[in-house]
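# Coordinate analysis (summary)
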Amino acid sequence: MIEHRPGLTVLSHIILLAGVVIVTFPLYLTLVASTQSAEQITQSVPMSMLPGTHALETYKTALFGGETAAGSKISGSAPMMWVSLVTALIIPLGKITMSMLSAFAIVYFRFPFRNIVFWMIFVTLMLPVEVRIGPTYEVVASLGMLNSYAGLSIPLIASATATFLFRQFFLTVPDELVEAARIDGAGPMRFFKDVLLPLSATSIAALFVIQFIYGWNQYLWPLLMTTNEDMYPVVMGIKRLIGGDSYTEWNVVMATAVLAMLPPALVVMLMQKWFVKGLVDTEK
Amino acid sequence: MASITLSRVIKRYGSGKNTNQVIHGVDAEIADGEFVVVVGPSGCGKSTLLRMVAGLEEITEGEISIGNRVVNDLEPSERDIAMVFQNYALYPHMNVFDNMAYGLKIAKVPMDEIKARVDKAAKILEIGDFMQRKPRELSGGQRQRVAMGRAIVRQPQVFLFDEPLSNLDAKLRAHTRLEIQKLHRDLGITSLFVTHDQVEAMTLAQRMIVMNAGVMEQFGTPEEVYSRPATTFVASFIGSPPMNLLKNAPDAKPGTIVGIRPEHLDITPSGWALQVDALEMLGAERLVYGRWLHGAGDELVVIRCDEARDVPELGSTIHVTPRADRLHGFDAVTGKRL
């Protein structure tokens, strides 16, 4: 029975619209601020809600660096965005490969110490970042991986959660499929490539999106282990633009923030199609 | 030569104190081109036996040979077999053509040969129109035919069927049964077919293996199994309604069980005295349940009457005479035929 109560519909719409406004307002503010000049932002109280006219120069300065009207030197964020991009791609790809293979081994093979291995992976979930970050730094430093792409991404690749995700998924694959593949003559890796991989496409897509954003947003670890400005990710770049003893160019800060938000937003939008397609496709 | 030989085949699970033996030594010789059905109740070990022939289960003791080769240590793909599963086991992300071609691709068969074989199988099974569809776009019966097509293109020495009709509705089951019969007539490939349904067994088998709790109770033609069952289990498993196994028949030797099928009892003016306890009208036949008048416990005798005869009233006394040549005797302790 479909309820027909116009009052309720109007009320729910109002609440939802209010939610949308609350969520998008900060974004709008950032966008508007990035199109104005630094004096306009700091000197007009409250800040104007309408887009300004300084968009082009602000974004140019934010991306490629330069000197502003107030005399502060700003290093462009383009190289930092590149660092972020590389890390944000290496981490999900590495994570997916490693956890898929681990889950494959745990689910489909019997080997000595299998249970111990499984519990060891599980136990790593219990260690918070703060506990392991000191020792991780020491290891990375002694391996000479500071200030490198390898150092930025490799320590973040191993993941118990992703392994569990794939383990649970592999457990739903019917045994008969494995047996049919065995009779067809497919060895384990062949089965992995021809059957498991295509069937896991949705899980892989979901994991990719989540890990891309996670890798893109990494702040603590890069802060600890990079001293070379060339290896700073863009989220560190934003922080460095603010405060200190020099004058904060808020419009450039806002512009950099907008630029930093674009790639993850793009990834989510593009991968959404995959999710839906994958959800519709799943039916054995 | 694609005969199958099972020699003292034993299957055990677990080890040490937790050993569970599920198949207790099966010996059987299946001739080249024969269609053999393994039938039995759930848990009797028939699927385990099939899977041992397929190579999906380890053979604990004994030997299985396909053709003239002992296959105990061979991988399933090396045994020259093909299997049709109860749940079809089609690759969900591949279309029908790719499903059927997958095994051949792995065996590095050239593409035109693959296409030729797939087309031929598709014609036999009438699935030529679905080549580009994925399994989820097919009905259960169509999926089962694709699964059979996948088995046919391998051109194996042996077909193995693991309860392939159990997931189909009754009408489709009857139709597919006939298709499998026809397939066997046309291709003549040695087949091992596992089912719990005795109707499938009786209609498809050239010979049947009747299994119970891991023991092969009888291996014979449907006719032999029906008219000369080797044990009380076989006697009651095959035939519907099941054979009467009577401990209290008059003139029976002590320590024996008299077996007589409901259709071999006639209602006559004199003979065994029974009181009609219940009636079941099934349209084409009527079942009369009678209790011994000489007060021997609560053993019921089932008599099948055909349409022509008048059905006795509930509670009335009737007399039945068994057809002399259709009486069976079994040892009450071992259950074996006397």
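Computed from a prediction, not measured in an experiment: that's the story for all the values here.

Cut-offs and rules
- Residues numbered from 1 in each chain as written.
- Chains lettered and ligands numbered in written order.
- Predicted model: local features only at pLDDT ≥ 70, side-chain atom pairs only at ≥ 80, totals over all residues.
- Helix = DSSP H or I, 4+ residues; strand = E, 2+ residues; numbered from the N terminus.
- Buried ≥ 20, exposed ≤ 12 C-beta atoms within 10 Å, placed from the backbone.
- Contact = placed C-beta atoms within 7 Å.
- Domains from an automatic or database assignment.
- Nonpolar A, V, L, I, M, F, W, Y, C, P; charged D, E, K, R; others polar.
- Pairing = 2+ DSSP bridges.
- Expected span 1.5 Å × (residues − 1).
- Arc of directions from axis to C-beta.
- pLDDT = per-residue confidence, 0-100.
- Core = buried A, V, L, I, M, F, W, Y, C linked by C-beta atoms within 7 Å.
- Axes fitted to C-alpha atoms, helices over the stretch in contact; angles between N-to-C directions.
- Parallel < 35°, antiparallel > 145°, perpendicular 65-115°, else oblique.
- Left-handed = near helix turned anticlockwise from the far one by under 90°.

Now for the overall build of chain A. For chain A, the helix and strand inventory stands at 14 helices and two strands. On the principal axes, the C-alpha backbone points of chain A span a range of 75 × 70 × 30 Å. With 284 residues in all, chain A has 27% of them scored as buried. When contacts within chain A are restricted to residue pairs at least 6 apart in sequence, long-range pairs at least 24 apart make up 71% of them.

Moving on, we get to the domain arrangement of chain B. All names here are of chain B. Its domain assignment divides chain B into domain 1 (4-235) and domain 2 (261-338). Domain 1 and domain 2 are separated by 39 Å when their C-alpha centres are compared. Residues belonging to the side of domain 1 that touches domain 2 are distributed by class as follows: four nonpolar, two polar and no charged.

Attention shifts here to the interface of chain B and chain A. Listed per partner, the contact involves 17 residues of chain B and 16 residues of chain A. If you list the elements that add at least two residues to the side of chain B that touches chain A, you get strand 6 (81-84) and helix 2 (96-106) of chain B. It is helix 2 of chain B that provides the largest number of residues to the side of chain B that touches chain A, a total of three residues. Taken together, the residues of the side of chain B that touches chain A sort by class into 12 nonpolar, four polar and one charged.

A few words now on the pairing of strand 4 (residues 61-66) of chain B. Residue and element names in this part refer to chain B. Pairing between strand 1 (residues 4-13) and strand 4: five bridges, direction antiparallel. When the bridges of strand 4 are listed, Ile-10 appears paired with Glu-61. Alignment of strand 4 against strand 5 (residues 69-70), held across two bridges, turns out to be antiparallel. Pairing of Ser-65 across the sheet is with Val-70, part of strand 5. Hairpin connection from strand 4 to strand 5: two residues lie between these consecutive antiparallel strands, with Gly-67 at a positive phi of about 70 degrees.

A word on helix 10 (residues 188-199) of chain A. Residue and element names in this part refer to chain A. Taking 1.5 Å as the rise per residue, helix 10 with 12 residues should run 16 Å; its terminal C-alpha atoms sit 15 Å apart, in good agreement. The complete set of buried residues in helix 10 reads Phe-191, Asp-194, Val-195, Leu-196 and Leu-199. The buried residues of helix 10 occupy one face: seen down the axis, they fall within an arc of 155 degrees. In helix 10, the exposed positions that point more than 90 degrees away from the buried face belong to Met-189 and Lys-193.

Moving on to the confidence of the model for chain B. Low pLDDT marks stretches whose predicted atomic positions should not be read closely. Residue and element names in this part refer to chain B. For chain B, mean pLDDT is 90; residues scoring 70 or higher make up 98% of the total. When the elements of chain B are averaged for pLDDT, strand 16 (residues 300-306) gives the smallest value, 86, and strand 3 (residues 35-39) the largest, 96. Scored as a whole, the predicted complex attains pTM 0.82, and scored at its interfaces, ipTM 0.84.

All names here are of chain B. The biggest cluster of nonpolar side chains holds 108 residues, and the ones touching the most others in it are Val-37, Val-38, Val-53, Met-83, Ala-147, Leu-160 and Leu-192. In terms of residue count, the dominant contributor to this core is helix 4 (residues 140-153) (six residues). Those residues within four positions of Val-53 in sequence are excluded, and the remaining contacts are Ile-4, Ile-64, Leu-160 and Leu-192.

This paragraph deals with the environment of Ala-101 of chain B. Residues and elements named next belong to chain B. Inspection of the secondary structure assignment puts Ala-101 in helix 2. C-alpha of Ala-101 to C-alpha of Val-118: the two residues are 17 residues apart in sequence and 7.0 Å apart in space. For Ala-101, the residues in contact, after removing those within four places along its chain, are Ile-114 and Val-118.

Structurally, chain A comprises domain 1 (6-76 + 242-272) and domain 2 (83-232). Once you take the C-alpha centre of each, domain 1 of chain A and domain 2 of chain A turn out to be 34 Å apart.

Another aspect to go through is the sheet that holds strand 6 of chain B. All names here are of chain B. Taken together, the six strands give an open sheet; going across it, the order is 6-7-8-3-9-10, and neighbouring strands pair in mixed fashion. Of all the strands in the sheet, the pair left with one neighbour each is strand 6 and strand 10 (215-220). Direction aside, the axes of adjacent strands within the sheet are offset by 15 degrees on average. When strand 6 meets strand 7 (residues 158-162), the two strands line up parallel, connected through four bridges. Bridge pairing in strand 7 places Val-84 opposite Phe-161.

Residues and elements named next belong to chain A. Relative to each other, helix 4 (residues 78-108) and helix 11 (residues 201-216) sit at 140 degrees, their axes nearing to 8 Å. Overall, the two elements helix 4 and helix 11 adopt an arrangement that is oblique. The two elements helix 4 and helix 11 cross, and the hand of that crossing is right-handed. Taking contact as the criterion, the partners of Ser-84, Thr-87, Ala-88, Ile-91, Pro-92, Lys-95 and Ile-96 in helix 4 are, on helix 11, Ile-204, Leu-207, Phe-208, Gln-211, Phe-212, Gly-215 and Trp-216.

A few words on the environment of Arg-12 of chain B. Residues and elements named next belong to chain B. On the secondary structure map, Arg-12 appears in strand 1. C-beta crowding within 10 Å serves as the criterion here: with 14 such atoms nearby, Arg-12 is assigned to the partly exposed category. Linking Arg-12 and Ile-267, residues 255 residues apart in sequence, is a C-alpha distance of 50 Å. When sequence neighbours within four positions are dropped, the list of residues in contact with Arg-12 reads Thr-19, Asn-20, Gln-21 and Thr-60.

Attention now moves to the sheet that holds strand 12 (residues 256-260) of chain B. Residues and elements named next belong to chain B. Strand order in the open sheet made by the three strands is 11-12-18, with antiparallel pairing throughout. Edge positions in the sheet fall to strand 11 (244-246) and strand 18 (328-331), since each has one partner strand and no second. Averaged over all neighbouring strand pairs, the angle between strand axes comes to 30 degrees, with direction disregarded. Here four bridges tie strand 12 to strand 18, and the two strands are oriented antiparallel to one another. Each bridged residue has a counterpart across the sheet, and for Thr-256 the counterpart in strand 18 is Asp-331.

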